[in-house]
Amino acid sequence: MARATVGLRAGIVGLCVGVAATLSATTARGTWVWVEGEKPLRQSMHRHPSWYDQVKREQFSGRDFISNFSGEPGEASYRVKVPKAGTYEFWARVNPVQAKLKYRIGDGPWTPVALDGEQRDSVNVAADGGVDLRFLAWVRVGEVKLKKGDNLVAFRMDGTERNHGYLDCFVFTDEAFNPGGATKPGAAIAAEPGWFAFQPPRDAFAATSVIDLRSLNEAEAGAGGFIGVKGGRFVHSKTGAPVRFWAVNGPPEVGRDQLRRTARMLAKYGVNLARVHHSYMDPKGNVDMAAVRRAIEVVEALKAEGIYSHFSLYFPLWLEPAPDTPWLRGFDGKAKAFAVLFFNDDFQEHYKTWWKALLTTPSPTTGRRLVDEAAVMGAEIINEDSYFFWTFKPQSIPDPQMRILETRFGAWLAKEYGSIDAALRAWGSVRVDRDDPAAGRVAFRPLWNIANERTRRDRDTARFLAESQRGFYEKMYRFLRELGFKGVITASNWTTASAEYLGPLEKYSYTAGDFVDRHGYFGCRNRGEAAEWSIRDGQTYVDRSALRFDPEEPGRPKQFVHPAMDPHYGGKPSMISETAWNRPNRYRSEAPLFFAAYGALQGSDAIVHFALDGVSWSTRPRFFMQPWTLMSPAMMGQSPAAALIYRKGLVAEGDVLARLDLKLGDLFDLKGTPLPQDAAFDELRARDVPKGTSLRPGNVIDPLIHLAGRVDVRFSDRGAPAKLKDLSKLIDRKRQVVVSSTGQLRLDYGRGVLMIDAPSAQGVSGDLAAAGTAELKDLSIASKLDLGHVVAVSLDGRPLATSRKVLVQAMSEEKASGFRADGPPRGERRIASIGHDPWLVRDLDGLVRFKRPDAPRLKVTALDALGNPARVVGAAAEFRLDPHTIYYLVAP
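Is there a simple way to think about the overall build of the protein in this case?
A count of helical and extended segments in the protein gives 12 helices and 46 strands. For 892 residues, the compact-globule estimate of 2.2 N^0.38 gives 29 Å, and the C-alpha radius of gyration of the protein, at 29 Å, lies within 12% of that figure. Principal axes of the C-alpha set define a box for the protein whose edges measure 95 × 75 × 55 Å. Relative to its full complement of 892 residues, the protein shows a buried share of 62%. For the protein, the proportion of contacts with a sequence separation of at least 24, taken over those separated by at least 6, is 72%. By element, 50% of the accessible surface of the protein is carried by carbon and sulfur atoms, the whole surface being about 33,100 Å². With 120 positive and 105 negative side-chain charges, the protein shows a separation of 3 Å between the mean positions of the two kinds.

Below, the structure written as structure tokens:
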């Protein structure tokens, strides 16, 4: 007989209805049955006690489990006594790593368990801490119907990796369940002092949720027509209505049902676009039709929730051409195909087959092709590649490929100068070892030399590369249009080896598309093994505040570069298609309001957060964590107010404070730009900032201009003098304060405090203790938190002074349970433990006072973590934030 236990709430009497240790009960809110895995009714498991079973038994429920590790599959069945018939959520605590698991109820069919689906609390249980197969996690199996009384439940482990698997325990419940180790349903997970566990139950998407923003989206994506461009803005082509995209990179790889839930969840939190960044080729570079069908399924699921899709299908890191690849000669199966797509005609023809398959394959369910689907917002030609980045060098590009481009450069020079020899004479003594005039080839100097020495040869090289890169984008743009694609198209999104001299050439090449894209991350100086893509024990990092412009290297001057700084180029819309504050930076919670407020101020057209790597509120633990996980309290948890501010323009667009009309000839001559985007501008460059409204050679426009208003950069053959408004009243470097041209945003970067004071959105973000009492037009906020964010937004379109439905949203900081790091608060810190589920949030603190005359009559209702009303906590004239509540409704 299986050993089953059932949770009992206070005041509920348990009833012993079986034999031995079998208990069952019904609580005031529902029924649940917990079954231990180690004592099945029958089993045919083949255990491996010398290695696979060498685990940390204290991490298992009951300190025991059942397992299989053998050339033979293993099965175990359990008799489970259920107090009442009904539909139950089914969760199992099993090994999710490279395993396969099936289950069946009674004599029903064997059903695969989606081990990569909804997963919680993954932990490494290897006794020696080894990074191998020995992991344990809660996995949501699905919903099942159980009869009253005895039910036979069986599991089968039959994966390719020695048919391995653990089964610790499983649970059936008809009430909300937050899995966490051996904690039974209904029991609270202990948090550290001063922190609370953030564990929303499975969302039923109740109509009572105040934070549900599904109504902001169309009934289905594309209802307003294909997305187009008008007046430098994205618009619905059928209605002409402008649209901003609050977006994510995703969705993750989940099953169909979970995909639909993911789309619904994203719509709830204000998302109206997903950048689907995925490959549609197999390891040999040929079309992967399974991936294409998955893409169609993604579009259909997102469309149903009013969410558009934007496709990015090629990233050079995804392709390592084999030695015998006919369309990419010279590769060894290890090197990445950097830059080659720009000039290799055979590769371009092969690349086109991926787009053709993706866009012209009929849907298995509707018969529609994505090329005809208005829910497909856009297409990205190439991700993170450029002639002007450090990967453009002979060491990264095989000789047969580099010869193709060198030959084209030689032909270009012969046309410009009459012959290659004439070009070399004009260049003087500036030569490169790979130059071979007799073979018609001319090589490329290193990018550092091009940007820093800027010889005549370097200037010719820059012009050739810029024209070649832009020519590729124009060619692929025509191809997609001829294929029938009706959405918007962008070129790429990469940075360069020199923001000042090569950066504007990169941006110019992008204006071949419909909009200009870029990427930008606020890093925390992760150092250590695999730190570029993971967080692991032993790595080091730095806690950095973006609101203070903390430098990446402790002790250095403030660094005025930020991913939210977003000029517009070529009169086209602007997208930031990958951006995040990287974990484990404690200041990560600054991100949502920062992006929303300054994205709205600068007229940014799409902000795409990176990355939706899971669909549950999980820290994503194993032996490493992702630096960018979006499903966290600080990120997705703050999305409701942030999405409203950004999408509805609750913070007004600023004035255009700088207009630059850059002459193409000057850019080709490497004269650069006075506004180098993402340059490492720090306090030492302040002497180069123009004091008035005129620019002299060598001047650099203060990058803080982006936090005061808008910037417009154009490219033309003739160029024109820069138009720069007086910034002295907006940027005060002595007081370390930037005020927006609208007067609605005030950043005190000395103390690290952002104040938002717009008619329909007001709040304060950052060091709330240093801010004292923040006096805003319609409310005041005071808090002891040195890192917190409190904002009020109107939900009914009225100003806060008269709104009858206001959301107050609060957040502090987040971390994984058990996360530990050693080192000084503003210095380099070493990770002792990356931690585990659940997320923890520092206890909230604050006093909020609404100033409107009817504030004493406005009721303040605390909401639960999913936005549903929980309890009335007072009146709007004055209420104190509950330590564990992040949402409130203020209404009559």
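Just checking my understanding: could you explain the sheet that holds strand β41 (residues 836-842) for this structure?
To summarise the sheet geometry, strands pair through backbone hydrogen bonds and adopt either a parallel or an antiparallel arrangement. What the 3 strands build is an open sheet, ordered β13-β41-β38; its pairing is antiparallel. Every interior strand has two partners, whereas the edge strands, β13 (195-198) and β38 (814-817), have only one. Across the sheet, the axes of successive neighbouring strands diverge by a mean angle of 40°, strand direction being ignored. As paired strands, β38 and β41 are joined by 4 bridges and run antiparallel to one another. Its bridge partner being in β41, Lys815 is matched across the sheet by Leu840.

Explanation requested: the packing of aromatic side chains in the structure shown.
To describe a pair of aromatic rings, you give the distance between the ring centres and the angle between the ring planes. Inspection of every chain in the model, using the stated rule, returns 62 aromatic pairs. Ring plane angle 35° and centroid distance 6.2 Å describe the contact between Phe409 and Trp412, whose orientation is recorded as tilted. Within this pair, Phe409 and its partner Trp412 are both found in helix α4 (residues 399-417), separated by 3 residues, close to a single helical turn. Residue classification places Trp412 among the buried positions, given a relative accessible area of 14%. When the ring centre of Tyr587 is taken as reference, the NZ or CZ atom of Arg586 above it lies at 5.1 Å.

Before we go on, may I ask you to explain the layout of surface pockets in this structure?
Taken as a whole, the second largest pocket spans an internal volume of roughly 790 Å³. In terms of lining, the second largest pocket is formed by 29 residues, of which the most central are Asn178, Ala197, Gln199, Pro200 and Pro201. At the level of elements, β13, β43 (859-863) and β44 (869-875) are the ones that each hand at least two residues to the lining of the second largest pocket. By residue number, the principal contributor to the lining of the second largest pocket is β13, which donates 3 residues. Across the lining of the second largest pocket, the residue classes break down as 17 nonpolar, 6 polar and 6 charged.

Would you take a moment to explain the environment of Asp421 for this structure?
Examined against the element boundaries, Asp421 turns out to sit in helix α5 (residues 420-427). Relative accessible area serves as the criterion here: at 44%, Asp421 is assigned to the partly exposed category. In this structure, the C-alpha to C-alpha distance between Asp421 and Met265, residues 156 residues apart in sequence, is 64 Å.

Please explain the sheet that holds strand β25 (residues 606-609) as it appears in this structure.
Here 8 strands make up an open sheet; going across it, the order is β20-β19-β18-β17-β16-β25-β24-β21 and the pairing parallel. Strands at the two margins of the open sheet, each flanked by one partner only, are β20 (488-490) and β21 (516-522). In this sheet, neighbouring strand axes are inclined to one another by 25° on average, regardless of whether the strands run parallel or antiparallel. Inspection of the sheet shows strand β16 (residues 245-249) paired to strand β17 (residues 273-277) by 3 bridges, in the parallel sense. Looking at the pairing, Asn249 lines up with Arg275 of β17.

When you look at the nonpolar core in this model, what are you seeing that I'm missing?
In globular proteins that are soluble, nonpolar side chains generally tend to be buried together. Grouped together as the largest cluster of nonpolar side chains are 210 residues, with contacts concentrated most on Phe311, Tyr314, Phe347, Trp355, Met377 and Phe850. The contacts of Phe850, once residues within four sequence positions are left out, are Asp778, Leu779, Ala792, Val806, Val808, Ala855, Ala876, Ala877, Phe879 and Val890.

Looking at this structure, I do not really get the packing of α5 against helix α7 (residues 456-482). What am I missing?
Angle between the axes and distance between the axes: these two values describe a pair of packed helices. Where α5 contacts α7, the two axes come as close as 8 Å, and the packing angle between them is 130°. Taken together, the axes of α5 and α7 are oblique relative to one another. Residue-level contacts link Leu424, Ala426 and Trp427 of α5 to Arg456, Arg457 and Asp460 of α7. Across the contact of α5 with α7, the residue classes break down as 3 nonpolar, no polar and 3 charged.

Looking at this structure, how should I read the pairing of strand β26 (residues 656-663)?
A regular strand places its side chains so that they alternate between the two faces of the sheet. Sheet analysis places β26 next to strand β27 (residues 710-716), joined by 7 bridges and oriented parallel. Within the sheet, the bridge partner assigned to Arg659 lies in β27 and is Asp712. Here β26 pairs with strand β28 (residues 720-724) via 3 bridges, running antiparallel. Looking at the pairing, Asp661 lines up with Ala720 of β28.

Cut-offs applied
Residues numbered from 1 in each chain as written. Predicted model: local features only at pLDDT ≥ 70, side-chain atom pairs only at ≥ 80, totals over all residues. Heavy atoms only, no water. Helix = DSSP H or I, 4+ residues; strand = E, 2+ residues; numbered from the N terminus. Rg over C-alpha atoms; globule rule 2.2 N^0.38 Å. Buried < 20%, exposed > 50% of the residue type's maximum accessible area, 1.4 Å probe, protein only. Contact = heavy atoms within 4.5 Å. Areas by Shrake-Rupley, 256 points an atom, 1.4 Å probe, with all protein chains shown as cover. Lys, Arg positive; Asp, Glu negative; His and termini not counted. Charge placed at Lys NZ, Arg CZ, Asp CG, Glu CD. Pairing = 2+ DSSP bridges. Axes fitted to C-alpha atoms, helices over the stretch in contact; angles between N-to-C directions. Phe/Tyr/Trp six-rings, centres within 6.5 Å; stacked < 30°, edge-to-face > 60°. Lys NZ or Arg CZ within 6 Å of the ring centre and 35° of its normal. 1 Å grid on protein atoms, 1.4 Å probe; cavity = no way out; pocket = protein on both sides within 12 Å on 5 of 7 lines; lining within 4 Å. Points joined across faces, edges and corners; volume = space filled by probe spheres on them. Nonpolar A, V, L, I, M, F, W, Y, C, P; charged D, E, K, R; others polar. Core = buried A, V, L, I, M, F, W, Y, C linked by side-chain atoms within 4.5 Å. Parallel < 35°, antiparallel > 145°, perpendicular 65-115°, else oblique.

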